[in-house]
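# Structure assessment
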Protein chains: 4
Amino acid sequence: MPLVEPNTSPPFDVLRVSHVELGASDLEASKAFYRDALGMVVTAQDGETLWLRGLEDTSHHAIVLRRGAPGTCLRLGFRVRTEADLDRAAHYFVGRGLEVTEDRPRGQGRTLHVRDPFGVPLAFYHRQDIVERRLQSYGAYRGAAVQRLDHVNAFAAELQDTYEWLAGELGFRVSEYTETDETPPRLWAVWLHRKGNVHDLALTNGLGPRLHHVGLWVRGEMDVIHACDVLAASGLAASIERGPGRHGISNAFFLYLRDPDGHRVELFTGDYRTLDPEFAPIRWDLDDPRRQTLWGHAAPKSWFEEGSPFEGVEPRQPVLPVRPVVAR
Amino acid sequence: MPLVEPNTSPPFDVLRVSHVELGASDLEASKAFYRDALGMVVTAQDGETLWLRGLEDTSHHAIVLRRGAPGTCLRLGFRVRTEADLDRAAHYFVGRGLEVTEDRPRGQGRTLHVRDPFGVPLAFYHRQDIVERRLQSYGAYRGAAVQRLDHVNAFAAELQDTYEWLAGELGFRVSEYTETDETPPRLWAVWLHRKGNVHDLALTNGLGPRLHHVGLWVRGEMDVIHACDVLAASGLAASIERGPGRHGISNAFFLYLRDPDGHRVELFTGDYRTLDPEFAPIRWDLDDPRRQTLWGHAAPKSWFEEGSPFEGVEPRQPVLPVRPVVAR
Amino acid sequence: MPLVEPNTSPPFDVLRVSHVELGASDLEASKAFYRDALGMVVTAQDGETLWLRGLEDTSHHAIVLRRGAPGTCLRLGFRVRTEADLDRAAHYFVGRGLEVTEDRPRGQGRTLHVRDPFGVPLAFYHRQDIVERRLQSYGAYRGAAVQRLDHVNAFAAELQDTYEWLAGELGFRVSEYTETDETPPRLWAVWLHRKGNVHDLALTNGLGPRLHHVGLWVRGEMDVIHACDVLAASGLAASIERGPGRHGISNAFFLYLRDPDGHRVELFTGDYRTLDPEFAPIRWDLDDPRRQTLWGHAAPKSWFEEGSPFEGVEPRQPVLPVRPVVAR
Amino acid sequence: MPLVEPNTSPPFDVLRVSHVELGASDLEASKAFYRDALGMVVTAQDGETLWLRGLEDTSHHAIVLRRGAPGTCLRLGFRVRTEADLDRAAHYFVGRGLEVTEDRPRGQGRTLHVRDPFGVPLAFYHRQDIVERRLQSYGAYRGAAVQRLDHVNAFAAELQDTYEWLAGELGFRVSEYTETDETPPRLWAVWLHRKGNVHDLALTNGLGPRLHHVGLWVRGEMDVIHACDVLAASGLAASIERGPGRHGISNAFFLYLRDPDGHRVELFTGDYRTLDPEFAPIRWDLDDPRRQTLWGHAAPKSWFEEGSPFEGVEPRQPVLPVRPVVAR
């Protein structure tokens, strides 16, 4: 088993993955997708940037769309528990020889910027600005009625190393994982969390680093179905890439969409708690088709192969050879 | 058993109950209720009248609200199968000594107006104007997303006689009925249909004739729940009179609302087909609490006692004594 | 427009399609599928035959599975309004030169057997035996909780002729249809009903006659999703052929399954009423992908090409050339 | 504002409320309720005790029912993060002058027993035995399909003191609270959590300490509705005390039941995350009816007044006078 013990005393305390920043070409098109069809709330907009949040969010943004570099993921954002954790994070990264810069972006408190050891641009901060919660503004619910950001999923070229850094150093815990049937087995994909459900950050072996998708939490299956109907009625049926269906891994009811710039978004509901110490990581065999889909539907080739490159880092071929995907 | 055989060769062929006309005091308030919270479509509006339809309707109106006489039901409308059925209906009513007038109201074809033998103002017509169906305009769905009008429920003072007229002459068939435990039993309430589901027209013993409620069809339970949330978020929680719950009779999942003029509206889903000749009317004992509610919730006193009088007819005390209702 | 006027005075009055009989190889496997995963009720079983009904049915059977000829459709059953309609039907078929036999099968009243002009084995009867309705036996609901049979869909080799017989003679009405973009256009598929919703019987151009699928009515989308989960948990994920999804035609939320003998079954919910005279048949262009699926998912090749032959009739190549289907 | 700062460095680290033990009179009746209607899994049973868990649980029990003392709550159980936290907890309680005993109950690791300063019997432990997760055993789902225990709600006679102990010492954080409109306001009810959603433990002013209810997590509204139907079909409609409805506080969709011994159980879904540092406790005015119910339904008197006493402690009159409840 290629798993390591998570660090129970990490150098700083990450609460959860808390936002993503994506390159976009046309903010009006993005708004039609994220606000009108997915039901997210526009917190702010200027000529270059659109800040969006979920209906239950009291914080300023969960997705930030910036004009320029369309199709590129600009940044993954993480909240840390206290301001002191920010200092400890800076200390840790500098000690690892990684360059750290600091600023205070719109809607966010003091923020550290760093590339992780694999080149992914990360932001760490303790707070965002507080905004009005729209959870009970039911008259304004639209489409998927996205409640909040849940997780991020990325291709990793050096999956075992990336995982070991996140778990062994930063204290991410594993909920589920896929390994090859080699002897010894090798880790193919891993679901990692800090917040006590299935994941904050999942990694899959592949040309990477690249963003695979942003997972947005919806209240239930009916919101996903309504989102499909609304997308179809809005001329956006082509944005539906896969699903709805049920993952074996995570038990999630899912729908995968491609936003107007090709970024993949998952509508996601139905996972479970992983808080208890009894919870042991669930192992899946790479050849078990149930991990991808409990119901047996093949995913399209694009789902296995396409992703958003991260700004400023060239994706690398993965250490483990990627299996050929049969066309749908 | 106080039931009679339905007339299988009625003098004219009623397809279904197809619209109601209600007196209203403030059409903007009505629109906020029926369009914004219930999700009905506004077909037309002028200074005096508001015409509304359901999302699946291709016909001009299912509910007509007219300024003046707020709280009064102005008319129940029925579609007949052919234009020739209109002539046969006129012939039948005149033969019964009932006065018949004819006009062509906005959005409707040639229409007969008559008071039934108990004083209720009825309209019969073959066609309405054809309008655009919004069934697949999912981006415009709001609140309860009402699909269509399903039925009307009324208090009858002379319940047995009213029932015998509808079934024995006009060919309405019984789906379910409640009778007293006297010897012989007496009919307390009856669900009558022409269209092959549970009801077009239900009658309950009480101060009558009065309209008890208009039943509007919704797609499922989640639309009812969303309607409650939207009503609450819109400051209209006080319009919720009873439910959501499950009727024993009809198996319907229900929510009873009071519109801004006090007219009672039911959001309704989950009944069944009654087309087959094997289907036998289902008998309920008046003392069986499951007929009103499978889940055991008491209905409020208002639900038993209040209704909309019909224009031009004074409600009469019922032939059967009404039971005292215990306050909730 | 290749449509004809439906006969408003048909020689006999068909109420609805009311059962199908299917050849099966292993009745225990059939029971695991129809009862345990689909939630149908077993009315009776002997060594050779299994009689199944829906939860709301008070009649003896909606699906009859008979050992032998697995994968063959043995018969489509239709209810007529009165016993006299049976006599009229016999007279009509004999007058058309078609051979009529009569029997009284288990659970059914007097029954006429005839092959329609295209070779399909049909049964007509007025009544089935009355059995207990399980609609409110909620503790026994399983899987999809199928409520009733809704419709049958078949490939027709002589589609225009088959349609004209059903509409022009037997009085079936069209709800929706697909035609080619030729001049003049030709009918590719047609949805026909007697009971006032979207269909009792749909026809598609293809190698025929063959049964495409049996449509079973479920209460809503959540029952379809639960059925997928139950099938997956029961090792029957491979029976899921297509969906869940939304048809443009009929607006139905659908799931297509293959039973243990390969017969195709649709779980179906969400269509609409077609009772009103205003309702005009909805036209779809054969090249409009939205007719098949509002959400844009391609159907698998098998869905377009495979079907159950009817007992005793060799399927014929269709009059209109079938288009090549792109593999999924 | 009567709130205090939560202790960010508590003497030991409570993960969540993790089980309750309830006195029962008839374990078969309990099983019919919790297993057949609520869908919980029986982990073990002997002549005196029944251990139940949720479908997603991998740990031995969430509810323990013990014969004897029916209607009494025997114990609230909490998980702590590490074994070392158990030692720290023992040290803390002894330092507070509270008597601590230790054992190893069936299905649980090393366990500390203590009465809190208000007399409530508590158990603290790090682990339970690991059992099979039934999350994806969809074929065995029944009734409400309870996934896990979410929270416990109790009456407190000394509400401000109890709250200050839990927050100021043990580090529970407030999600929402109700206060009187006095000057200064006084705390009437408070929702406290450790795990990052709305609550682990809620307190309401009243004759206490007494258990108000155990909150069980279900997947969505449809599971609650199905539970009502199943309870009704099982002759258990009388167990439905309140709901379904939507709380203003917590935004939960709720149903309150009384188990065969009168213990109150809430089926609960639809709350939100409280992990982020931006999240500020939400204040409700005691006179705002929306806190209890967004939809405006009055709760029955029993819901305000009845609760399960804790074993070995006489409930006390509350410090704040309880308001008279209007009968439903």
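The coordinates are above.
### Remarks on the interface of chain A and chain D
- In this assembly, 34 residues from chain A lie in contact with 34 residues from chain D.
- The closest approach of N and O atoms between E278(A) and R79(D), which form a salt bridge, is 2.6 Å.
- Among the elements of the structure, β1 (14–24), β9 (148–156) and β17 (282–285) of chain A are those that each provide at least two residues to the side of chain A that touches chain D.
- Split into classes, the residues belonging to the side of chain A that touches chain D amount to eleven nonpolar, nine polar and 14 charged.

### Points about the interface of chain C and chain D
- Contact with chain C, which involves ten residues of that partner, is made by ten residues of chain D.
- When chain C packs against chain D, close to 730 Å² is buried across both sides, 69% of that on carbon and sulfur atoms.
- Remark: the boundary between chain C and chain D carries zero salt bridges.
- There are zero residue pairs in polar contact (both at pLDDT 80 or more) connecting chain C and chain D.
- Across the side of chain C that touches chain D, the residue classes tally to five nonpolar, four polar and one charged.

### Thoughts on the relation of the copies chain A and chain D
- Once chain A has been moved 0.0 Å along the axis and rotated by 180°, it coincides with chain D to within an RMSD of 0.0 Å. What we have between these two chains is a two-fold relation. Taking C-alpha positions as reference, the residue of chain A nearest the rotation axis is G220(A), located at 3.4 Å.
- Mapped onto chain D, 100% of the interface residues of chain A are again interface residues, and the two copies thus contact each other with one and the same surface.

### Focus on the packing of helix α1 (residues 27–37) of chain C against helix α4 (residues 221–233) of chain C
All names here are of chain C.
- Contact geometry for α1 and α4: axes closest at 10 Å, N-to-C directions at 140°. With respect to α4, the element α1 is oriented oblique. Handedness of the α1/α4 crossing: right-handed. Between α1, through F33, D36 and A37, and α4, the contact on the second element is made entirely by A227, V230 and L231.
- The class makeup of the residues in the contact of α1 with α4 is five nonpolar, no polar and one charged.

### Examining the relation of the copies chain C and chain D
- With an axial shift of 0.0 Å and an RMSD of 0.0 Å, the rotation relating chain C to chain D amounts to 180°.
- Same-surface contact between copies: 100% of interface residues of chain C are shared with the interface of chain D.

### Quick word on the pairing of β1(A)
All names here are of chain A.
- Counting buried positions over the eleven residues of β1 gives eleven, a clear majority of the element.
- As judged from the seven bridges shared by β1 and strand β5 (residues 73–80), these two strands associate in the antiparallel manner. Bridged to V20 within β5 is L76.
- In this sheet, strand β4 (residues 63–67) lies alongside β1 in parallel orientation, the contact comprising five bridges.

### Details of the packing of helix α4 (residues 221–233) of chain B against helix α4 (residues 221–233) of chain D
- Put simply, α4(B) and α4(D) touch, their axes get as near as 10 Å, and they point 110° apart. In this view, α4(B) runs roughly perpendicular relative to α4(D), as classed from their interaxial angle. Along its contact with α4(B), which presents E221(B), M222(B) and I225(B), the element α4(D) presents E221(D), M222(D) and I225(D).
- Tallied by class, the residues present in the contact of α4(B) with α4(D) amount to four nonpolar, no polar and two charged.

### A short note on the sheet that holds strand β4 (residues 63–67) of chain B
Residues and elements named next belong to chain B.
- Strand order in this open sheet of eight strands is β2-β3-β4-β1-β5-β8-β7-β6, and the pairing throughout is mixed. For this open sheet the edge positions go to β2 (41–45) and β6 (100–103), each flanked by a neighbour on one side alone. Ignoring which end each strand starts from, the neighbouring axes of this sheet average 25° apart.
- Pairing of strand β3 (residues 49–53) with β4 involves four bridges; the strand directions are antiparallel. Paired with L52 across the bridge in β4 is I63.

### Here's the deal with the side chain of N197(C)
- Relative to the elements of secondary structure, N197(C) occurs in the loop between β11 (187–193) and β12 (201–205).
- Judged by relative accessible area, N197(C) falls into the buried class, the value being 4%.
- Reaching out from N197(C), the side chain makes a polar contact with the side chain of D271(C) at a distance of 3.1 Å.
- Not counting residues within four places of it along the chain, the set of residues in contact with N197(C) comprises R273(B), D150(C), D271(C), Y272(C), R273(C) and T274(C).

### Observations regarding the packing of aromatic side chains
- Within this structure, the stated rule accounts for 64 aromatic pairs over all chains.
- Ring plane angle 55° and centroid distance 5.6 Å describe the contact between F12(B) and F93(B), whose orientation is recorded as tilted. Taken together, the positions of F12(B) in the segment before β1 (14–24) and F93(B) in helix α2 (residues 83–95) put the pair 81 residues apart, joining distant regions of the chain.
- The class of F12(B) is buried, set by a relative accessible area of 1%.
- Here the aromatic rings of Y138(C) and Y141(C) are separated by 4.8 Å at their centres, their planes lie at 35°, and the arrangement is tilted.
- With relative accessibility at 1%, the residue Y138(C) sits in the buried group.
- By relative accessible area, which is 11% here, Y141(C) ends up buried.

Conventions and cut-offs
- Residues numbered from 1 in each chain as written.
- Chains lettered and ligands numbered in written order.
- Predicted model: local features only at pLDDT ≥ 70, side-chain atom pairs only at ≥ 80, totals over all residues.
- Heavy atoms only, no water.
- Contact = heavy atoms within 4.5 Å.
- Salt bridge = Lys/Arg side-chain N within 4 Å of Asp/Glu carboxyl O.
- Helix = DSSP H or I, 4+ residues; strand = E, 2+ residues; numbered from the N terminus.
- Nonpolar A, V, L, I, M, F, W, Y, C, P; charged D, E, K, R; others polar.
- Buried area = accessible area lost by both parts, 1.4 Å probe.
- Polar contact = N/O pair within 3.5 Å; in protein donor to acceptor, adjacent residues only side chain to side chain.
- Least-squares fit on C-alpha atoms with pLDDT ≥ 70 in both.
- Axes fitted to C-alpha atoms, helices over the stretch in contact; angles between N-to-C directions.
- Parallel < 35°, antiparallel > 145°, perpendicular 65-115°, else oblique.
- Left-handed = near helix turned anticlockwise from the far one by under 90°.
- Buried < 20%, exposed > 50% of the residue type's maximum accessible area, 1.4 Å probe, protein only.
- Pairing = 2+ DSSP bridges.
- Phe/Tyr/Trp six-rings, centres within 6.5 Å; stacked < 30°, edge-to-face > 60°.

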